[in-house]
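Breakdown of the fold
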Amino acid sequence: MERNCYCARPAIRKTSWTDLNPGRRYIICDKFWEPGECNFFEFTNPPMCERSRQIIPGLLRRVNRLEHELGEKKSQEWWMWVVVAACLFVMYCMI
Ligand SMILES: [Zn+2]
């Protein structure tokens with residue numbers, strides 16, 4: 001369902017990831033953050049129950065941390081291959 005905001009632009013659908021409303025969908029005007037412009041903002045699904053409000057932010061932080069650690073491991077692997085390649089190159093030059 002397409003909705004228009006007060007200034008007749010199509011509202012943008014977004015998902016909130018704040019601690020208060022994790023995963024809650026809302027629609028907002030793309031001029032919302034510009035001062036003096038349209039202030040259209042509306043949640044499109046009901047608030048989370050108390051329990052999910054407590055759990056989801058913690059889960060999100062955990063996912064973010066794991067992704068961060070995974071990224072670090074990947075970059076370590078990348079460096080390992082550079083070192084291996086450099087060693088092979090040095091060995092090749094010494095033959
Ligand atoms: Zn608007």
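Residues numbered from 1 in each chain as written. Predicted model: local features only at pLDDT ≥ 70, side-chain atom pairs only at ≥ 80, totals over all residues. Heavy atoms only, no water.

Per an unreviewed UniProt entry, the recorded name for the protein is Zinc finger, GRF-type, and the organism is Buddleja alternifolia.

As for the overall build of the protein
In terms of regular secondary structure, the protein is built from one helix and three strands. Its helices and strands in sequence order give the protein the pattern β-β-β-α, from N to C terminus. By residue count, 15% of the 95 residues in the protein fall in the buried class. Pairs at least 24 apart in sequence give 29% of the contacts found in the protein among residues at least 6 apart. Only carbon and sulfur atoms are counted for the fraction: they give 62% of the accessible area of the protein, which is about 7900 Å². Side chains of the protein carry 14 positive and 11 negative charges; the gap between the two charge centres is 5 Å. (Helix = DSSP H or I, 4+ residues; strand = E, 2+ residues; numbered from the N terminus. Buried < 20%, exposed > 50% of the residue type's maximum accessible area, 1.4 Å probe, protein only. Contact = heavy atoms within 4.5 Å. Areas by Shrake-Rupley, 256 points an atom, 1.4 Å probe, with all protein chains shown as cover. Lys, Arg positive; Asp, Glu negative; His and termini not counted. Charge placed at Lys NZ, Arg CZ, Asp CG, Glu CD.)

Here's the deal with the coordination of the zinc ion
Listed as protein donors to the zinc ion are Cys-5 (SG), Cys-7 (SG), Cys-29 (SG) and Cys-38 (SG); their distances from the metal cover 2.1 to 2.3 Å. With four donor atoms in place around the zinc ion and angles of 99 to 116° between them, the coordination shape is tetrahedral. In the primary sequence, the donor residues of the zinc ion line up as C-x1-C-x21-C-x8-C. A residue pair is termed long-range when its members are at least 10 positions apart, and Cys-5 in the segment before β1 (12-16) and Cys-38 in the loop between β2 (24-28) and β3 (41-43) qualify at 33 residues. As far as burial versus exposure is concerned, Cys-5 and Cys-38 are alike and both buried. (Donors = N, O, S within 2.8 Å, 3.2 Å for Na, K, Ca; no water. Tetrahedral: all angles 85-135°; square planar, octahedral: opposite > 155°, others 65-115°.)

Concerning unusual backbone geometry
Despite not being glycine, Ala-8 shows a phi value in the positive range, around 70°. With respect to the helices, strands and loops of the structure, Ala-8 is situated in the segment before β1. We classify Ala-8 as exposed; its relative accessible area is 55%.

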